[in-house]
Amino acid sequence: MANLSNFRKLKRFSLLVFTGFLFTQNQTKLNSQWGFAGHQRINEFAVYLLPAELQAVFIQHLPYLISQSVAPDQRRYAVQAEAPRHYIDLDHYYKKGQDPFWNLPQNWQEAMDCHSEDTLQAYGIVPWHVVRMKYRLQKAFEEKDLTLLLKYAAEIGHYIADAHVPLHTTENYNGQLTNQHGIHGLWESRLIELQAENYNYWIGKAKYLPSIQKEIWAAVRASHAALDSVLRFEKMVSHEIGLAEKYSYEQRGSTLTKVYSRKFCEAYHKSLNGMVERRLRAAIMMVSSVWYTAWVDAGQPDLRKLQLEANQKKDVTENDTIQKINTRWKQRSCH
Ligand SMILES: [Zn+2]
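Residues numbered from 1 in each chain as written. Predicted model: local features only at pLDDT ≥ 70, side-chain atom pairs only at ≥ 80, totals over all residues.

**Brief notes about the nonpolar core**
Core analysis: the largest hydrophobic core is formed by 79 residues, its most contacted members being Val-130, Ile-160, Val-287 and Trp-291. If one sorts the elements of this core by residue count, helix H14 (residues 275-297) sits on top with 13 residues. Among all residues touching Val-287, those that are not within four sequence positions of it are Ile-42, Asn-43, Ala-46, Gly-157, Ile-160 and Ala-161. (Core = buried A, V, L, I, M, F, W, Y, C linked by C-beta atoms within 7 Å. Buried ≥ 20, exposed ≤ 12 C-beta atoms within 10 Å, placed from the backbone. Helix = DSSP H or I, 4+ residues; strand = E, 2+ residues; numbered from the N terminus. Contact = placed C-beta atoms within 7 Å.)

Dropping the structure here:
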């Protein structure tokens, strides 16, 4: 299975440099994966759902939690084991008409016994990795290691977010098997770019989750259940709009870039009937709830006096996005 594993990783890497919705004239390809904006937004709003005691600490480090929400994608080239942590190709494990999960144990050891580790790695391990990361986060809470707990909190947010994307649960992750190339970035980047400001982020409060394993597998199941609509409606709307109007050009910096047109995106978004917003909201709720659960399971340590290590401060990127977010938070806290 080693060769297969390498082949799959290569395929994934080729996607990682693909925006899906950005086709520059010289075919330069960028990163996608919920888009950076999606990941940043999910970690940001997850902080707002926390109970006051935990939120008081996390809010101080909001820029770090947001900037590091994309760290797992950024290191995919440097760390060989990283790529499979972002997806699971469920369709490898079942045939049409079968329950996708009938032959896929949720427990890591049982899954390895059933399929071998090579196979699991080849087809993605996101749900198992989220469970592993939760224990790391819990341990960091127990040890009151602020540097580590913020790092794990930011990064588990990334993996949970990926598990909420339907196209992270299939071998046809970019529509390459159904002649829908680019759909990955369309769904998780372009639609977010155009629509996310209109979504409702009043989601409630983080909940204690008795079983992270059960919750993350439920998230993956819901993502996979939405996959058929993601693909089918893209075909339907493409047919209705026609190729000439499906794409347009927008200025990105100094480059004129071919993108899915606003008209097409609006029609596709409408046909999905709130799906992107629902998956985004579910991801935010789960990220916040997993942070909260790890803290509770660690015995609710008092974190208020902890200080960031100096080297971590260097990782915080003060960019436009974060400044905008801080402004929004200030406005919100005035109510
Ligand atoms: Zn990812």
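**What to know about helix H9 (residues 146-163)**
Quick reminder: α-helices carry 3.6 residues per turn. Residues three or four places apart thus point the same way. Taking 1.5 Å as the rise per residue, H9 with 18 residues should run 26 Å; its terminal C-alpha atoms sit 26 Å apart, in good agreement. In terms of burial, H9 is a largely internal element, 16 of the 18 residues being buried. (Expected span 1.5 Å × (residues − 1).)

**Considerations on the pairing of strand E3 (residues 255-260)**
Sheet topology places strand E2 (residues 247-252) next to E3; six bridges connect them, and they run antiparallel. Looking at the pairing, Tyr-247 lines up with Tyr-260 of E3. Adjacent in sequence and paired antiparallel, E2 and E3 are bridged by two residues, among which Gly-253 carries a positive phi angle near 65°. (Pairing = 2+ DSSP bridges.)

**Focus on the packing of helix H2 (residues 35-48) against H9**
Two numbers describe how H2 lies on H9: the axes approach to 10 Å, and their chain directions differ by 120°. As far as their axial angle goes, H9 and H2 are oblique. Between H2 and H9 the crossing geometry is right-handed. When H2 is examined against H9, the residues Gly-38, His-39, Ile-42, Asn-43 and Ala-46 are found in contact with a partner set consisting of Ala-154, Gly-157, His-158 and Ala-161. Considering only residue class, the contact of H2 with H9 consists of four nonpolar, five polar and no charged. (Axes fitted to C-alpha atoms, helices over the stretch in contact; angles between N-to-C directions. Parallel < 35°, antiparallel > 145°, perpendicular 65-115°, else oblique. Left-handed = near helix turned anticlockwise from the far one by under 90°. Nonpolar A, V, L, I, M, F, W, Y, C, P; charged D, E, K, R; others polar.)

**Considerations on H14**
Along its 23 residues, H14 runs 32 Å from first to last C-alpha, staying within 8% of the 33 Å computed at 1.5 Å per residue. Where burial is concerned, most of H14 is hidden: 18 out of the 23 residues are buried. Residue Gly-299 follows H14 closely and has a positive phi angle near 90°.

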